[in-house]
Amino acid sequence: MARIPAVFCAFWRVGVDSSLFPVEQVQAAQYELAKGTNMVDYAVSLFEQLHPDEEIPEEFSGKRERAVSTNERLQLEAQAVLDVIEKPDVAQALRQDKNQNLQYLKANHGLTLEQITALYNFGQFQYTYGNYSGAADYLYHFRVLSTDNDLNTSAHWGKLASDILTGKWETALEELNTLRDVIDSRSSSSALTSTESASLTQLHSRTWIVHWSLFVYFNHPQGRTLLLETFLSPTYLNTIQTSCPWILRYIATAAVLSRKSAAGNTNASSRVRHSIREVVKVIQTEEYQYQDPVTSFLKELYVEFDFEAAQRELALAERVVGDDFFLGEFREEFLDNARYLISEAYCRIHQRIDIADLSERLNLSRDEGEKWIVNLIRETRMGAEAKIDLEKNVIEIHRSPLPVYQSVIEKTRGLAFRTQALGAGMLQPHQGAEQNQAQPVEGAR
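These lines cover the structure that appears in this document, whether it is placed above or below. (Residues numbered from 1 in each chain as written. Predicted model: local features only at pLDDT ≥ 70, side-chain atom pairs only at ≥ 80, totals over all residues. Heavy atoms only, no water.)

**Re the overall build of the protein**
No. 1: Broken down by element type, the protein carries 22 helices and three strands.
No. 2: Burial analysis of the protein (445 residues in total) assigns 43% to the buried set.
No. 3: For the protein, the accessible surface area stands at approximately 24300 Å², while carbon and sulfur atoms represent 50% of it. (Helix = DSSP H or I, 4+ residues; strand = E, 2+ residues; numbered from the N terminus. Buried < 20%, exposed > 50% of the residue type's maximum accessible area, 1.4 Å probe, protein only. Areas by Shrake-Rupley, 256 points an atom, 1.4 Å probe, with all protein chains shown as cover.)

**Side note on the pairing of strand β3 (residues 394-397)**
No. 1: Burial along β3 is two-sided: the face carrying V394 and E396 and the face carrying I395 and I397 are both buried.
No. 2: Strand direction decides the pairing type here: strand β1 (residues 352-354) and β3, joined by three bridges, are antiparallel. Bridge assignment links D354 to a residue of β3, and that residue is V394. (Pairing = 2+ DSSP bridges.)

**Thoughts on the pattern of salt bridges**
No. 1: Within this structure, the stated rule accounts for 14 salt bridges.
No. 2: E344 is paired through a salt bridge with R259; the nearest N and O atoms lie 2.7 Å apart. Note that E344 is positioned in helix α19 (residues 331-348) and R259 in helix α14 (residues 248-263), a separation of 85 residues in sequence.
No. 3: For E344, a relative accessible area of 10% puts it in the buried group.
No. 4: Note that K299 is salt-bridged to E287, the shortest N-O span being 2.6 Å. Pair noted here: K299 is in helix α17 (residues 293-302) and E287 is in the loop between α16 (275-286) and α17, with a separation of 12 residues, a long-range link.
No. 5: The class of K299 is buried, set by a relative accessible area of 16%.
No. 6: Among the ionic contacts, a cluster of salt bridges with common partners joins R143, K159, D163 and E175. (Salt bridge = Lys/Arg side-chain N within 4 Å of Asp/Glu carboxyl O.)

**Here we look at α19**
No. 1: The end-to-end C-alpha separation of α19 is 26 Å, in line with the 26 Å expected for 18 residues at 1.5 Å each.
No. 2: Most of α19 is tucked away: 13 of the 18 residues are buried. (Expected span 1.5 Å × (residues − 1).)

**Comments concerning the packing of aromatic side chains**
No. 1: Counted by the stated rule, this structure contains 15 aromatic pairs.
No. 2: Seen in terms of ring centroids, F215 and F326 are 5.0 Å apart; in terms of plane orientation they differ by 75°. Their pairing is edge-to-face. Of this pair, F215 sits in helix α11 (residues 195-217) while F326 sits in the loop between α18 (307-323) and α19, placing them 111 residues apart in sequence.
No. 3: Between Y250 and F326, the aromatic rings sit 5.9 Å apart at their centres with planes inclined by 90°, giving edge-to-face as the arrangement. Here Y250, found in helix α14, pairs with F326, found in the loop between α18 and α19; they are 76 residues apart in sequence, far enough to count as distant. Neither residue differs from the other here; Y250 and F326 are each classed as buried.
No. 4: Members of the aromatic cluster, joined through ring pairs, are F215, F218, Y250, F325, F326 and F330. (Phe/Tyr/Trp six-rings, centres within 6.5 Å; stacked < 30°, edge-to-face > 60°.)

**Section: the environment of S343**
No. 1: By the secondary structure assignment, S343 is in helix α19.
No. 2: Between the C-alpha atom of S343 and that of S359, which follows or precedes it by 16 residues, the distance is 9.4 Å.
No. 3: The residues touching S343, leaving out its near neighbours within four places in the chain, are L358, L362, W372 and L376. (Contact = heavy atoms within 4.5 Å.)

**Quick look at unusual backbone geometry**
No. 1: Non-glycine residue F305 carries a positive phi angle of around 55°.
No. 2: With respect to the helices and strands, the residue F305 is situated in the loop between α17 and α18.

**Here's the deal with helix α4 (residues 59-85)**
No. 1: Between its terminal C-alpha atoms α4 stretches 39 Å, which fits the 39 Å expected from 27 residues at 1.5 Å a residue.
No. 2: Taken residue by residue, α4 has F60, K63, A67, N71, L74, A78, V81, L82, V84 and I85 as its buried positions.
No. 3: For α4, the secondary structure elements touched by its buried residues are α2 (23-34), α3 (40-50), α5 (88-93), α6 (98-109), α7 (113-129) and α8 (132-145).

Listed below in C-alpha cells is the structure:
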C-alpha cells in the first residue's frame, strides 16, 4: 500500500551504523512515525518487528479499510478536475491570471474553487499514503489554479517535502527557491492583523525553511555554495542567529568545503570567496549560545591562531561530521579542505616550514603528510610560491616581488596577522597563570 521514503531509511541507517542509538530505539521511532500516517502495511511490519510475539491490533484493519475508501473517494473528486484541465483546448485557454482562469473554468466547465481544492485534498492524502510523486503532481496542479494564498503556501511546503522525499534535488531546489520568495514577499498573512504577529510568523517560516533546505543543499551538486549564498545573506543570517544558532555547524562546514575550490575560482561570488572570514565573525558573535568542534576549529585557527588547539578540534570535528546525517558523506572532503586551511594559514606566517612539523599539525603521519603536501602544492596556487627541499625536508615559500604600493599593503596585512598571532600566544600563558593563582591552595584556610 505504501513505501517508506528513502531519505528516512538513510536517516535510520546513520543512527544504527554509527551506534548513536540502540536498534530497538530506532525501530520504535520508525513505528511511531509510520502509525500516524496512512502507510498501514508499513506500520504493521514495524509492529511485528517490535512485538514478534503479539497479535496485530485490530485497529490496523479498520484503518486500512478507511484509508482505501478515502483514497478512492478523493481520487474520483480530483480526477473530475484533472479530466477538465488536461483537455488540450482548456490547457490553451488558461492564462497567467488565476482569477480569469477560475471565471473561464466556472463559465465553460462548471468548475468552482471548492472543486479545485479537491486536488489539494487528494495531494495531501497521497503524501500520508506514501505516494510522494503523486502528491507532488496534484499539489502542483492545485497551486497553478488556486487563488487561496494560505492553501497555496501549504501546497508549496507539501510539494517541497515530496520532492525531497523522492530525491529529485534539481526540482527540489527550484521549489525551495520559489517557496523562499513566497515567504520573503509575504509581509503579512490574511489571518493576521498585527505587524508583530506577522513578523513572528515570517520568522517561524524562515526558520523552518532553513532546516528543510539542509536536505537540498547537502544533496545538490552546487548545494554548499548555494547554502553560503543564502544563509550568509542578512535576512537569513539574522534568522539563524535569532532562532537556530546550531545551523552554524552547517554554515561553517559549507565554508570549509567550499574554500579550496573557491580559492582558484574567479566565477565564485565574493560572498563565497570570503565566506570563511564572514563565518568566523559570526562564530565569535554567537559563541555564547552555540559552539561545537567544527566552529571551534575555525575559531582556534583564525581568531586564537593556536595551531595545536586547531589540530585537537579538527580531530573532534572529524567524528562530529562523520556522525552527522547531512555531513557524513563529506567527511573526507571536509578533512582535506580543513588541512588546506591549516596549511594556508601556517604558510602565511612562515617562510620556511618543516614538513614533519606541518604533517603533525595536520593529524597525518610523516609519509602521509609528505604526499598530501606535495599534492596540495601541485593542485593549488601555492605551487607558484612554495618549493619543497627533500634533502632538508622543508618547504620554502618564495613570494614574487610586488609593486611598492602592493608590498606596503601586504606587509601591513602580514604585520596585523602576526601581531594577532603573537598577542594570542602571549595571552594564553597569562590566562593560565591567572587561573592557577585563582585556585585556593590546600591548607590555606
